[in-house]
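Residue-level structure breakdown
Listed here are the chains, written in short residue letters.
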Amino acid sequence: MTRRALAPILLAPLAAAQPAPKLNHFYATVDAETYAAIEASAFLRERFAPFEKRTTVRNDATYSGLYFYGTETYFEFFEEGKGDREPQDTGLALGIETSAGSQSLLAQWQTLQPTVVANVTRQLDAVPIDWFDMTSFTTDTREHSAVPHFRLFAMEYKSKFLKSWHAGAPDSILQADVLAAYCAKLGLAALRKSTMLGDVDMLRIEGPGTAMRQRQLEAAGWSESNGQLRGPNAVVDLVAGAAWRGLTQIEFSLKRVQNTATIALGKSSLRLEGRRAVWTLVA
């Protein structure tokens, strides 16, 4: 047997030895009314979670959005019709927190579709710095995804990123450390202690093509039961349908018990109840 023929056999145990990647973040594309309401909400900025409106300049893309930071997950909203954002565009990013985890996931995903690991940079004071390695399918791009309106990819932060981004940050690739450094750099460390968001716990995504994403999440090590994919820190509920509805509902854990209340945010609504919150984007 040749060395080339042995390669897949040698890669399989390495891939299996790596822990399944966590949920890193999600993004959702909403209508202009909802986007404006989210951006203008004092409740979201001051009580729900640390908030940032930013334009990100990468080596492969430039985009603007609204960002909310939890303990080890975050999420972002984009406005439909801006740039290449189409209604209900949805993204799911997995987080790799072990060295060489990207190569392990590459081996696992290659069994389904051609996959690539690419270096992504981000500008700091107009200078690009290494940000993360992105593992993604070659059939998925920002312009054309194998599952229309629904992207899936994984991130492994570069080991030197945090030191470059914020003085005093630890030498770490852990998402919790990255989010703490983001908030510190924005001057939101104190606010972060008082806001209520813990983390993203569950996402419901509805439409055609979800079966492909299910297979890909399972290949990454997430477990499936009745269409729900369970990862180390979150659940993704994939609901098949004839028409694309995108991300319809998000459930969050809260750091403290909250009185029951419903906050209208454009065409969406956020309901608080005890230690949980549910954000309904599409009824």
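It should be emphasised that the depicted structure is a prediction, and the values quoted were computed from it without experimental measurement.

Within the protein one finds 8 helices and 14 strands. Computed over C-alpha atoms, the radius of gyration of the protein comes to 19 Å, within 12% of the 19 Å expected from 2.2 N^0.38 for 283 residues, which places it in the range of a compact globule. Dimensions of the protein, computed from the C-alpha atoms along their principal axes, are close to 65 × 50 × 35 Å. For the protein, the proportion of contacts with a sequence separation of at least 24, taken over those separated by at least 6, is 67%. Within the structure as shown, the protein displays about 12,700 Å² of accessible surface, and the carbon and sulfur contribution to it stands at 53%. A gap of 4 Å separates the mean positions of the 30 positive and 30 negative side-chain charges of the protein.

With that out of the way, let us pick up the confidence of the model for the protein. The predicted coordinates ought not to be read in detail in places where the model reports low pLDDT. Scored by pLDDT, the protein comes out at a mean of 93, with 94% of its residues at no less than 70. Residue range residues 1-16 is modelled with pLDDT below 50. Its contacts to residues more than four positions away, or to other chains, number 7 contacts.

Attention now moves to the pairing of strand 2 (residues 51-57). Summarising the sheet, strand 2 and strand 3 (residues 62-69) pair through 7 bridges and their orientation is antiparallel. Bridged to lysine 53 within strand 3 is leucine 66. As consecutive antiparallel partners, strand 2 and strand 3 are separated by 4 residues.

What follows is about the environment of leucine 229. Note that leucine 229 resides in strand 11 (residues 228-230). With residues up to four places along the chain from it excluded, the contact list for leucine 229 reads Gln214, Leu217, Glu218, Trp222, Ser223, Glu224, Ala234, Val235, Val236 and Leu238.

Attention shifts here to unusual backbone geometry. Phi is positive for glutamine 88, close to 65°, though the residue is something other than glycine. Using a relative accessible area of 29% as the deciding quantity, one classes glutamine 88 as partly exposed. The phi dihedral of aspartate 125 is positive, around 55°, even though this residue is not glycine. Structurally, aspartate 125 is set in the loop between strand 6 (115-124) and strand 7 (127-137).

On to the packing of aromatic side chains, then. Given two aromatic rings, their pairing is described by the distance between the two centres and the angle made by the two planes. Using the criterion set out here, one finds 23 aromatic pairs in the structure. Summarising the aromatic geometry, the rings of phenylalanine 48 and phenylalanine 252 are spaced 5.6 Å apart at their centres and angled 80° between planes, so their arrangement reads as edge-to-face. Of this pair, phenylalanine 48 sits in helix 3 (residues 42-48) while phenylalanine 252 sits in strand 13 (residues 246-265), and the two are 204 residues apart along the sequence. Judged by relative accessible area, which is 0%, phenylalanine 48 ranks as buried. A relative accessible area of 0% places phenylalanine 252 in the buried class.

The subject of this paragraph is helix 8 (residues 210-219). Three or more residues of helix 8 are buried, namely Thr210, Arg213, Gln216, Leu217 and Ala219. One or two steps after helix 8, the chain reaches glycine 221, where phi turns positive at roughly 110°.

Pairing is mixed in the open sheet, where 6 strands are placed in the order 10-11-12-9-13-14. The two strands at the open ends of the sheet, each matched to only one other strand, are strand 10 (223-225) and strand 14 (268-280). Direction aside, the axes of adjacent strands within the sheet are offset by 25° on average. In the packing of helix 8 onto the sheet, contacts are made with strand 9 (197-206), strand 10, strand 11 and strand 12 (235-239), and the angle to strand 12 comes to roughly 150°.

With that out of the way, let us pick up the pattern of salt bridges. Under the defined criterion, the tally for this structure stands at 13 salt bridges. Note that lysine 22 and glutamate 72 form a salt bridge whose closest N and O atoms lie 3.3 Å from each other. Residue lysine 22 is located in strand 1 (residues 22-30), and its partner glutamate 72 is located in the loop between strand 3 and strand 4 (74-79); the two are separated by 50 residues in the primary sequence. We classify lysine 22 as partly exposed; its relative accessible area is 25%. Glutamate 79 serves as the salt-bridge partner of lysine 82, at 3.3 Å between the closest nitrogen and oxygen. Judged by its relative accessible area of 16%, glutamate 79 is buried. Beyond isolated ion pairs, a larger network of salt bridges with shared partners links Lys22, Glu72 and Glu97.

This part covers the sheet that holds strand 8 (residues 150-157). Spatial strand order, 2-3-4-1-5-8-7-6: 8 strands in an open sheet with mixed pairing. Every interior strand has two partners, whereas the edge strands, strand 2 and strand 6, have only one. On average, each strand axis in the sheet is tilted by 30° relative to the strand beside it, whichever way the strands run. The pairing of strand 6 with strand 7 spans 10 bridges and is classified as antiparallel. Residue pairing in the sheet places valine 116 in a bridge with serine 136 of strand 7. Each of strand 5 (90-95), strand 7 and strand 8 touches helix 8; the most contacted strand, strand 8, lies at about 20° to it.

The rules we used
- Residues numbered from 1 in each chain as written.
- Predicted model: local features only at pLDDT ≥ 70, side-chain atom pairs only at ≥ 80, totals over all residues.
- Heavy atoms only, no water.
- Helix = DSSP H or I, 4+ residues; strand = E, 2+ residues; numbered from the N terminus.
- Rg over C-alpha atoms; globule rule 2.2 N^0.38 Å.
- Contact = heavy atoms within 4.5 Å.
- Areas by Shrake-Rupley, 256 points an atom, 1.4 Å probe, with all protein chains shown as cover.
- Lys, Arg positive; Asp, Glu negative; His and termini not counted.
- Charge placed at Lys NZ, Arg CZ, Asp CG, Glu CD.
- pLDDT = per-residue confidence, 0-100.
- Pairing = 2+ DSSP bridges.
- Buried < 20%, exposed > 50% of the residue type's maximum accessible area, 1.4 Å probe, protein only.
- Phe/Tyr/Trp six-rings, centres within 6.5 Å; stacked < 30°, edge-to-face > 60°.
- Axes fitted to C-alpha atoms, helices over the stretch in contact; angles between N-to-C directions.
- Salt bridge = Lys/Arg side-chain N within 4 Å of Asp/Glu carboxyl O.

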